[in-house]
Amino acid sequence: MKLFDKIKSKVIGLFLKENLKFTLISIFIGFLIGSMTLAVAGFNPFRAYAIMLSGVFGRLNYIAWVIIRSTPLILTGLSITFAFKTGLFNIGAEGQFIIGALVAALAGYFIQLPAIVHIPVVILLAASAAALWGGIAGYLKAKFGVHEVIATIMLNWIALYLTNFVVTLEAVQIPARPVSHNIQPTASLMFFQQWKVTEEGRAWLLDNFLAREILRTPFNAGILFAVILAVVVWYILKHTTLGYELKAVGLNKHAAEYAGINVQKNIVRAMLISGALAGMAGAFHVLGNTQRIAILAAMEGFGFNGIAVALIGGSTAIGVVLSAFLFGALQYGGTKIQLALGAPTEVINIMIGTIVFFIAIPRLIKILLAKFSKKRGEDNA
Amino acid sequence: MKSIDFSVKAVEMKNIVKKFGDFTANDQINLTVHKGEVHALLGENGAGKSTLMNVLYGLYQPTSGEIFINGDKKDIIDPNAAITCGIGMVHQHFMLVETFTVAENIVLGMEPTKKGLLDMAKAIKNVEEISKKYGLFVDPNEKIYNISVGMQQRVEILKALYRGADILILDEPTAVLTPQEIKELVQIMRNLTEQGKTIIIITHKLKEIKEVADYCTIIRRGKYIDTVDVSKTTESELASKMVGREVIFEVEKREKEKGKLSLKIDNLVVKNNRGIDAVRGLSLEVFEGEILGLAGIDGNGQSELIESLTGLRPVVSGKIHVNSKEITNKTPLSILENKLSSIPEDRQKRGLVMEYSVAENMVLENYRVKPFSNKGILNHDEIKVFAEKLIDKFDVRTEGPTQVVSALSGGNQQKVIIAREVTNDPDVLVAAQPTRGLDVGAIEFVHKALIELRNENKAVLLVSLELDEIMNIADRIAVIYEGVIVGIMDAKDANENKIGLMMAGGAKDEAI
């Protein structure tokens, strides 16, 4: 009972916080304006949102899909948040994601180990490679003052073409198809991946509606890791000297330097960790969902969407988890509108873009609200 | 005083209340300023002076209360409305475009044009005209980054006058000026009031109020205390009204033999940001149990010297020793570990992480060690206990250790830094302008802390632009000019004129 009271007061406290209030209002306004774009394009926004709502919550497997889609966004969102706390804008989460996915696909296919060892080895390799990828930008910034935004944008392109090159190697590519070989089953994070397609599994699932719903999707353990990592990130930032130093550098590097904190070292550390988080996003995406990587015509946007996720999440670990779910739901629900209303993808993307745009700018909303209430105040006077 | 026209109330603020959330910055404040008067607004840091003036200038909207300008009620909704009412404000931090010329800055936003094109010749002529009219001489063609701070201030004043200001608000106008420039500013203010302008200055320097102001309104903790005729009051009366208690100006300091050599600087050369030698072969010794005051006009190498002592700026040549251990070009951490601590020149840039809490700032140099952390995990409880102890000991006015430091007044922010640095138990303390921007109450506190450290047989190097401060608490006084020491003397033998001359580069030989 005591614990319950404590949680209750915490939750209430959270809602009283200005930022959260404005985020919620911004989300509402985002949906409002999003509905206008739909209306302008000639679609009924009420129907569209109704479809979206039932398309996200209507069935258990829909919810499972939202979770699957949200998993990499949680991690890229955490990656960007982490760098941001040190005052760095990691545009390179996209490239680090690609590197993580590439290494996971390779290590998942070529290395043969029992699952209990294979999975951690693959994750570790992917995270390390992506950490180095991010670390390059960190090192360039610390050593030569190269702006991390420029460095990471370039590294994104290098990562993209590197992956495309590697996938076309004979040993990697499935002949005549633009994809790599699937990873070994021992590296997969998908729940009951083998069993659910066996005779026995199918028979059991036929009798168990809930499990059947969920296992129709590539539901996987990635979400557990993502949530655990969110807790780890929160703990590092809040409770360790590492987090204390990183934040001090981000908030005021002059004072940090004065107090004897090595600013350069912390910039590199932040980028290493940020890269590792984005790389794990790529790894879980491959190990849990796609099982392989494909030749990419363009970047998939997991890293870029992570920026929006981090922004909406207000740069807190818990906020990132929640906003990643919102983002995943929007993306998945958007596809449903497309099917049901026959709205072109572009309109749906404009709608999602509009919603995100307004969600991501609670500051603007704050200013607008202040103006509005001031005007009203004057009328009364 | 003859310029005051008592029949016209240039500014009348009635019952101004300004709240920020639960915090009341201004509580029923009244202010009446007559035409042609210099009116000082006096109060401690955080008393609400700047808030009141920001209300007058339209930067804040009052929660309640009325403003009358020349007898007419006005709603000043933004600075543009204030300018229309003839109010101009010169902020403490100048708002000038560095790469523009003086004339360009003054006419910015109201440029004279000819056929839609900028008429620079006319602009320069206009600037020269008002410059002559008010005795504010500037070179209209000089770039801002090339002129001194005092000149930049004149440009700001001219900018306000160019926009037709009759009422000038000057926010802490002397904080950045040299003694000579202050004298000039006083003269400028007199010229302006003779021409019928009204001036409000925000300040906490009592000496200046006595020198230049006609009337003075005192605010304490957001409340109106009194308005006094400056000619009929004393500095100590003003001080006690401002602080709410008696203030002791003279610091008590017992005689003390100086001990062994603690900080030794040998032939030091340090470059400034532009790559030019700013410290040029400076040598200086500070002994245990003494406060050595380093006097000098801003920009003579003090900042570069301090930064090289604390490891923030590379030493080109020369050596620094603390207790005969060399610390030249060591990292800031290693210098701290060698027992040299410092109170930084710019507390908000170097001294504090403004978004961190009071407690977090208090362990900024000690978070790595037990009991504040163990194996990389912070011990928030120990940090809090430690912070509570320091808050108590150093009388930091705060809601508590978890309050963010940016919410504290300047004086209390400085107390946080001093608490931290003194508790480091340093052998040498470099105090760079430790009382800049503080009110008398806080200054008294800082001076006491420095003297206490000296009495505990520590070496204190006090770098200050305030000659009064150095004369007041230093045991020995060194004068820095163009990056070298041009004279050292016992404080007992010092006289203000001699030091003033040395600070300006004259009378070198005499002193050494």
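Residues numbered from 1 in each chain as written. Chains lettered and ligands numbered in written order. Predicted model: local features only at pLDDT ≥ 70, side-chain atom pairs only at ≥ 80, totals over all residues. Heavy atoms only, no water.

Let's shift gears to the interface of chain B and chain A. Many authors give the size of an interface as the accessible area that is lost as the parts come together. The interface of chain B with chain A comprises 29 residues on the first partner and 20 residues on the second. Looking only at chain B, the three residues that lose the most surface to chain A are Arg350, Tyr356 and Tyr367 of chain B, adding up to 27% of its buried area. The interface formed by chain B and chain A includes 1 salt bridge. Between Glu257 of chain A and Arg350 of chain B there is a salt bridge; the shortest N-O distance is 2.8 Å. For the pair chain B and chain A, the number of links is 19 residue pairs in polar contact (both at pLDDT 80 or more). If you list the elements that add at least two residues to the side of chain B that touches chain A, you get helix 10 (332-337), strand 18 (340-343), helix 11 (347-351), strand 20 (377-378) and helix 14 (410-423) of chain B. (Contact = heavy atoms within 4.5 Å. Buried area = accessible area lost by both parts, 1.4 Å probe. Salt bridge = Lys/Arg side-chain N within 4 Å of Asp/Glu carboxyl O. Polar contact = N/O pair within 3.5 Å; in protein donor to acceptor, adjacent residues only side chain to side chain. Helix = DSSP H or I, 4+ residues; strand = E, 2+ residues; numbered from the N terminus.)

With that settled, the discussion passes to the domain arrangement of chain B. Residue and element names in this part refer to chain B. Taken domain by domain, chain B comprises domain 1 (5-243), domain 2 (250-339 + 429-512) and domain 3 (347-425). Centre-to-centre, using C-alpha coordinates, domain 1 lies 34 Å away from domain 2. Across the interface of domain 1 and domain 2, roughly 780 Å² is buried in total on both sides, 55% from carbon and sulfur atoms. The interface formed by domain 1 and domain 2 includes 1 salt bridge. Residue Asp468 is joined to Lys207 by a salt bridge in which the shortest nitrogen-to-oxygen separation is 3.1 Å. Here domain 1 and domain 2 share 1 residue pair in polar contact (both at pLDDT 80 or more) between them. Mapped onto the side of domain 1 that touches domain 2, the elements with two or more residues apiece are helix 7 (206-212) and helix 8 (235-243). (Domains from an automatic or database assignment.)

Turning to empty space enclosed by the protein, a few remarks are in order. Under the defined criterion, the tally for this structure stands at 3 cavities of 30 Å³ or more. Space inside the largest cavity adds up to approximately 70 Å³. Lining the largest cavity are Tyr258 of chain A together with Thr310, Pro332, Ile335, Leu336, Leu340, Ser341, Ser342, Glu365 and Glu421 of chain B. Grouping the constituent residues of the lining of the largest cavity by class yields 5 nonpolar, 3 polar and 2 charged. One number sums up the size of the second largest cavity: a volume of about 50 Å³. For the lining of the second largest cavity, the elements supplying multiple residues, two or more each, are helix 4 (60-85) and helix 13 (263-290) of chain A. (1 Å grid on protein atoms, 1.4 Å probe; cavity = no way out; pocket = protein on both sides within 12 Å on 5 of 7 lines; lining within 4 Å. Points joined across faces, edges and corners; volume = space filled by probe spheres on them. Nonpolar A, V, L, I, M, F, W, Y, C, P; charged D, E, K, R; others polar.)

Here we come to the sheet that holds strand 18 of chain B. Residues and elements named next belong to chain B. Pairing is mixed across the open sheet formed by 6 strands, whose spatial order is 18-21-22-15-23-24. Looking at the sheet topology across the chains shown, the edges are occupied by strand 18 and strand 24 (484-490). Put simply, the sheet's adjacent strands are angled 20° from each other on average, direction ignored. Pairing analysis gives 6 bridges linking strand 23 (residues 476-481) to strand 24, with the strands arranged antiparallel. When the bridges of strand 24 are listed, Tyr481 appears paired with Val484. (Pairing = 2+ DSSP bridges. Axes fitted to C-alpha atoms, helices over the stretch in contact; angles between N-to-C directions.)

A word on a nonpolar patch on the surface. Residues and elements named next belong to chain A. A grouping of Leu53, Phe57, Leu60, Ile63, Phe209 and Leu210 is seen on the molecular surface, where their side chains present a nonpolar patch of about 600 Å² in accessible area. For the nonpolar patch, the secondary-structure elements that each account for two or more residues are helix 3 (45-57), helix 4 and helix 9 (209-215). As for its position among the elements, Phe209 is in helix 9. For Phe209, a relative accessible area of 48% gives the class partly exposed. (Patch = residues over 30% accessible without salt bridge, like charges linked within 9 Å, V, L, I, M, F, W, Y side chains within 5 Å. Areas by Shrake-Rupley, 256 points an atom, 1.4 Å probe, with all protein chains shown as cover. Buried < 20%, exposed > 50% of the residue type's maximum accessible area, 1.4 Å probe, protein only.)

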